[in-house]
Amino acid sequence: MKNRMKQLGLVLIFSFAILPAQAQGSMSGFFTDGFLYRHQMNPALGNDSTTYISIPVIGNVNARMYGNFGLQDVLFDNPRYPDASNKKKTTFLSPYIENGLDGFSKGNNRVGADVKVGLLSAGWKGMGGYNTFDVNLRATADVKIPYEFLAFAKDTGNKDYDMGDLDAEATSYVEIALGHSHQVSDRWKVGGKLKFLLGLGNARLQMHNMKATLSDNQKWEISGDAVADVSIKGFEYKSKYKQYNSRDEQYSYVNDVKVSGYGISGFGMAADFGAEYKAGDRWNLSAALLDFGFISWSNDIQAKNISNHVTFDGFHDLTVGGDSDNPMDKPADEYADQFMDFAHLTSLGDQGKRTTMLGATLNLAASYKACDWFKAGLLSSTRLHGSFSWTEARLSGNFMPLSWVDGNVNVAVGTFGPSIGWLLNFHPMGFNFFIGMDHVLGKLSKEGIPLNSNVQLSTGFNIQF
């Protein structure tokens, strides 16, 4: 049981340690005509009259955190401080914290992050349309924790727990993208991007069909499959060997990891597709599918629990007066060995190549131009990525008070709750600077860490001609 609690703790630590860690860009800038990176949210939206080149690394930086629980739901003031403990903070798992699960959803609990850093970007007119070139460093991380898993960890009692699946994944890669948008008629514009992907690393931990049955008659059962797959150049699990209690064998379990070098560990391709339709003088409609692709990794360093079930039904058939000093030693050792096989991950070494899909994003949008300086827009975004899928709808008011200044304010609702966003975009002759947030920063801890998981920042410096 203690090992399971430790694993839960590691999962929670992992979920926050990777933050901030695939962002399409500032969704607040989608309807802002002077925003240079609209093509990253729909490749049909080219800046036909603007040629630009980014300032390397700082041309376009996006960082985002998201989730339905945050630090304020995990860490609490320790009610035992200072009388009975010298620690000011404790976690929701503490038996002294009442209602410690109130901040979590009764279904799946999600937290994640993504970062995109534009190493180099350029856009220019040519070939009858608008062309773009991007080199981006991208990283994303997601964790899904079922509520029943948290309830089992905090309030273990005599009942059944159907915990479902726990899932955590992190991916990092370099993206090299070539794009083109083309006006095919007075009303229609289409665009596309071809992306070449250099995989830097992927790690995924999955725990399937986790169940626990605890009863009053001293019988309890826990079952589930745990597997970790890591594709990082130079990665290896460090194992420790111990002797079984009840049989003359040794077992190994993962107790650490080691990375002896970094480099390219996978290759892949992806594509973006987009279209824009002018429905009259004031209405515009658009649709795009982004990041439809994959990465093939050259290795898969895997670890699993070698047993997916453990049962304890009490001590039976104990012989009194036998050779053993304690007649319960043998069955106790057998139960302990059974639990070790279930609770520990065992390294299986390199399983060869594996392929992972990117999380594709579908953007659907409509805008209405009320006058020369104001436009309203509605954007629906859906990420398609299995356990880590999410949806969001964003309504924005876009303004252009001067020829070299534009921006917007917006509100959004979605999988991770409501948010407020904004963007300011300055583009005088020869220069571009933008800054904005899709999710404004909420309250911070004393250490400057956001208490809520939802926050996003976009900023960039570019040269335009």
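Residues numbered from 1 in each chain as written. Predicted model: local features only at pLDDT ≥ 70, side-chain atom pairs only at ≥ 80, totals over all residues. Heavy atoms only, no water.

Caption draft 1: Expanded view of the layout of surface pockets. What the second largest pocket holds in volume is close to 560 Å³. The wall of the second largest pocket is formed by 25 residues, among which Asp 33, Arg 38, Glu 276, Lys 278 and Lys 375 lie closest to the centre. Residue assignment for the lining of the second largest pocket shows that the elements contributing at least two residues are strand S12 (266-279), strand S13 (283-297) and strand S18 (360-371). Of the residues assigned to the lining of the second largest pocket, the class counts are five nonpolar, 10 polar and 10 charged. (1 Å grid on protein atoms, 1.4 Å probe; cavity = no way out; pocket = protein on both sides within 12 Å on 5 of 7 lines; lining within 4 Å. Points joined across faces, edges and corners; volume = space filled by probe spheres on them. Helix = DSSP H or I, 4+ residues; strand = E, 2+ residues; numbered from the N terminus. Nonpolar A, V, L, I, M, F, W, Y, C, P; charged D, E, K, R; others polar.)

Caption draft 2: The arrangement of the pattern of salt bridges in detail. Evaluation of the coordinates by the stated rule reveals 14 salt bridges. Across the pair Glu 169 and Arg 204 runs a salt bridge, and its minimum N-O distance is 3.9 Å. Separated by 35 residues along the polypeptide, Glu 169 in strand S7 (residues 160-183) and Arg 204 in strand S8 (residues 188-214) bring together distant segments of the chain. Taking relative accessible area as the criterion, Glu 169 reaches 7% and is therefore assigned buried. The closest approach of N and O atoms between Glu 175 and Lys 195, which form a salt bridge, is 3.3 Å. Residue Glu 175 is found in strand S7, and its partner Lys 195 is found in strand S8; the two are separated by 20 residues along the sequence. Look at Glu 175 and you get buried, because its relative accessible area is 2%. The exposure class of Lys 195 is buried, given its relative accessible area of 3%. Residues participating in the shared-partner salt-bridge network are Arg 138, Glu 175, Lys 195, Asp 272 and Asp 291. (Salt bridge = Lys/Arg side-chain N within 4 Å of Asp/Glu carboxyl O. Buried < 20%, exposed > 50% of the residue type's maximum accessible area, 1.4 Å probe, protein only.)

Caption draft 3: Geometry of unusual backbone geometry. A cis amide bond, omega 0°, links Tyr 81 with the succeeding residue Pro 82. Although it is not a glycine, Met 127 adopts a positive phi angle of roughly 55°. Along the chain, Met 127 turns up in the loop between strand S5 (108-126) and strand S6 (129-146). On the accessibility criterion, Met 127 (70% relative accessible area) is exposed. Not every positive phi belongs to a glycine, and Asp 291 is a case in point at roughly 60°. Relative to the helices and strands, Asp 291 is located in strand S13. A residue is classified by how much of its surface remains accessible, and Asp 291, at 0% relative accessible area, is buried.

In short, shape yes, function no, at least from these values alone.
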